[in-house]
Amino acid sequence: MKRILLVCTIVLFSLNIIQAKVRLAPIFADNMVLQQRSEAAVWGKAEPGTKVKITTTWSKEKITAVADADGKWFTRIATPVAGGPYELTFNDGDKLTLKNVLIGEVWICSGQSNMAQQMKGYKGQPTAGAVDLILGADPSVPIRSCNLTRQRTFEPVDSCEAKWYVNNPEGVSEASATAYFFAKRVYESLRIPVAVINVSWGGTPIEAWMSREVLDKEFAGEFDMEPLLTKTWPEKKPHKVPTVLYNGMLKTIVPFTAKGFLWYQGCDNRLRYEQYKRLQPAFVKMLRQEWGNDKMPFYFTQIAPYQYDDPDKREGGYMMWAQAQTLHEIPYSGMATTHDAGESVCIHPANKKVVGDRLAYLALATDYGIKGFDARAPLAVSFEFENGMAVVSFEVGEMGLSPIALDLEGFELAGEDKVFYPATGRIRGDRQRVKVQCPEVPNPVAVRYGMKNWSEASLYNCFGIPASPFRSDDWK
């Protein structure tokens, strides 16, 4: 009997030791990257009242965090300039060490299926160039990626499983293709470690990624909140319920210190494009409040042209224009245009490199000070109607629009009857404006470009960035 009691005592003591061991939020793991030259947020759990001592191999400083009554602790660690690998040790009486940690540039990447698509692609829907990148992956190249497990919850939770990958064949294959191409371009320009954290789920509307507080305050009565009230999942597409991906995924990594945010989403909201012009700015405001950084860069991607149920319907084009209009509502933002990067019969274009590169151009030019090119897409800013033509003025870099001396397709003109006809555009001599004409419309009052589900780009800046689709009218 004494022997049994002794064994039970030892087992219980061992369990207490296991339970007492400091626990980190899953986002903190081997192979991770911390934002350089920052006060990087770190948090986890331990026994209430326990002191957690933190040391790093890049500094002699010792940091102590104390677990509160719920066992939660939080602190910040000063990080040096980019480099590594390093180690971090957490000690509450039992040591936990993270290895192969790099210091560099960290970007959080979120959205729906075109951000979620991994380098290995979807079944029957490949990522262009994937095999060469996977087979050529070099683990010594300091590009890291992290994937969060898909998780939906009615209430905010503390953690979501995450896995960090190094730049080996498996890691490249599992990485978000758009995010990886972004990281690769940034690394090749800066030659420092770059990390992308993939927090995405296909077929999701923006409101699924927003907090209950924001939706209740700014969009009261606009969404079906019944599942949240009854705590009952709908039979179909439960991941579309408002707030549930914010609760289960995005909230779990707040406030992981990062340089900025990349966003590739919108297809699921395209039929509500007018509402989206209010949703996306509110979403970005929420992010910046959560991360405590009102200047956190936010770079997003337009939805790609795709025929949906009818290539001649206009919701896709309307949505692209709605997305472009949010730029002036969101400071410290940028938009990667995709008018030349879609596929008429596949909603997941294989060419993810062009999108990742364009997001990287925005970051490199705006946040990392690299000059010599125009990263931003031409945007229509004003419209004049005179002498039987429309004249569209653009916000565009000093090198102007291209190509010159060619008739440009994809434009439409309408008169007072609101009937649109195909029209032809030509860049004017100042290379900041396009004149649009159509013999069927001698007195135009409205001009459009790319206002269909499926259309092809003809207008660019001098660095190959396509102009955003636009319209001068607000007709249905």
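These remarks concern the structure in this document.

Cut-off values and rules
Residues numbered from 1 in each chain as written. Predicted model: local features only at pLDDT ≥ 70, side-chain atom pairs only at ≥ 80, totals over all residues. Heavy atoms only, no water. 1 Å grid on protein atoms, 1.4 Å probe; cavity = no way out; pocket = protein on both sides within 12 Å on 5 of 7 lines; lining within 4 Å. Points joined across faces, edges and corners; volume = space filled by probe spheres on them. Helix = DSSP H or I, 4+ residues; strand = E, 2+ residues; numbered from the N terminus. Nonpolar A, V, L, I, M, F, W, Y, C, P; charged D, E, K, R; others polar. Pairing = 2+ DSSP bridges. Axes fitted to C-alpha atoms, helices over the stretch in contact; angles between N-to-C directions. Parallel < 35°, antiparallel > 145°, perpendicular 65-115°, else oblique. Left-handed = near helix turned anticlockwise from the far one by under 90°. Contact = heavy atoms within 4.5 Å. Core = buried A, V, L, I, M, F, W, Y, C linked by side-chain atoms within 4.5 Å. Buried < 20%, exposed > 50% of the residue type's maximum accessible area, 1.4 Å probe, protein only. Phe/Tyr/Trp six-rings, centres within 6.5 Å; stacked < 30°, edge-to-face > 60°. Lys NZ or Arg CZ within 6 Å of the ring centre and 35° of its normal. Salt bridge = Lys/Arg side-chain N within 4 Å of Asp/Glu carboxyl O.

### Some thoughts on the layout of surface pockets
In this approach the atoms are scanned with a rolling probe the size of a water molecule, which exposes any empty space left behind. Considering only enclosed or pocket space, the largest pocket measures out at about 360 Å³ in volume. Taken together, 18 residues make up the lining of the largest pocket; nearest its centre are A25, W43, K45, K72 and D158. Elements represented by at least two residues in the lining of the largest pocket include exactly β1 (23–24), β3 (39–45) and β6 (72–78). Its residues assigned to classes, the lining of the largest pocket comprises 10 nonpolar, 3 polar and 5 charged. Taken as a whole, the second largest pocket holds about 300 Å³ of empty space. Together, 15 residues line the second largest pocket, and L362, A375, R376, A377 and E395 are the ones closest to its centre. By residue class, the composition of the lining of the second largest pocket is 9 nonpolar, 3 polar and 3 charged.

### Considerations on the sheet that holds β1
Read across the sheet, 3 strands follow the order β1-β3-β6 without closing on themselves; strand pairing throughout is antiparallel. Looking at strand neighbours, the two that pair on one side only are β1 and β6, the edges of this open sheet. By the bridge criterion, 2 bridges tie β1 to β3 in an arrangement that is antiparallel. From the neighbouring strand, L24 faces β3, where its bridge partner is G44.

### Side note on the packing of helix α9 (residues 273–291) against helix α10 (residues 315–325)
Between α9 and α10, whose axes approach to 9 Å, the crossing angle comes to 25°. Of the possible angle classes, the one that applies to α9 and α10 is roughly parallel. Handedness of the crossing formed by α9 with α10: right-handed. Note on element contacts: α10 touches α9 through Y318, M319, A322, Q323 and Q325, opposite Y273, Y276 and K277.

### A look at the nonpolar core
Residues I27, W73, I197, F256 and F283 are the most contacted members of the largest nonpolar core, which totals 111 residues. Looking at which element gives the most residues to this core, the answer is α9, with 9 residues. Formed by 37 residues, the second largest nonpolar core is a distinct cluster that contains M119, V172, A175 and A304.

### Describing the sheet that holds strand β15 (residues 379–386)
Here we have 7 strands laid out as an open sheet, ordered β15-β16-β20-β19-β18-β21-β23, and antiparallel in their pairing. Two strands bound the open sheet, and with one partner strand each, they are β15 and β23 (470–471). The sheet contact formed by strand β18 (residues 408–414) and strand β19 (residues 420–427) spans 5 bridges and is antiparallel. Each residue of the ladder has a partner; that of L413, found in β19, is Y421.

### Quick word on the packing of aromatic side chains
Evaluated as defined, the whole model comprises 25 aromatic pairs. Ring centres of F411 and Y449 lie 4.7 Å apart, and the angle between their planes is 35°; this geometry places the pair in the tilted category. One end of the pair, F411, is in strand β18; the other, Y449, is in strand β21 (residues 446–449), and 38 residues separate them in sequence. For Y449, a relative accessible area of 0% puts it in the buried group. Among the aromatic residues, those joined into a cluster by ring pairs are F261, W263, F283, W291, F298 and F300. One cation-aromatic arrangement involves R270 over Y308; the distance from NZ or CZ to the ring centre is 3.7 Å. The cationic tip of R471 hangs over the ring face of Y318; the distance from NZ or CZ to the ring centre is 4.0 Å.

### Section: the pattern of salt bridges
All chains considered together, the criterion is met by 22 salt bridges. The residue K163 makes a salt bridge to E170 at a minimum N-O spacing of 3.9 Å. In this structure, the salt-bridge partner of R433 is D430, at a minimum N-O distance of 3.0 Å.

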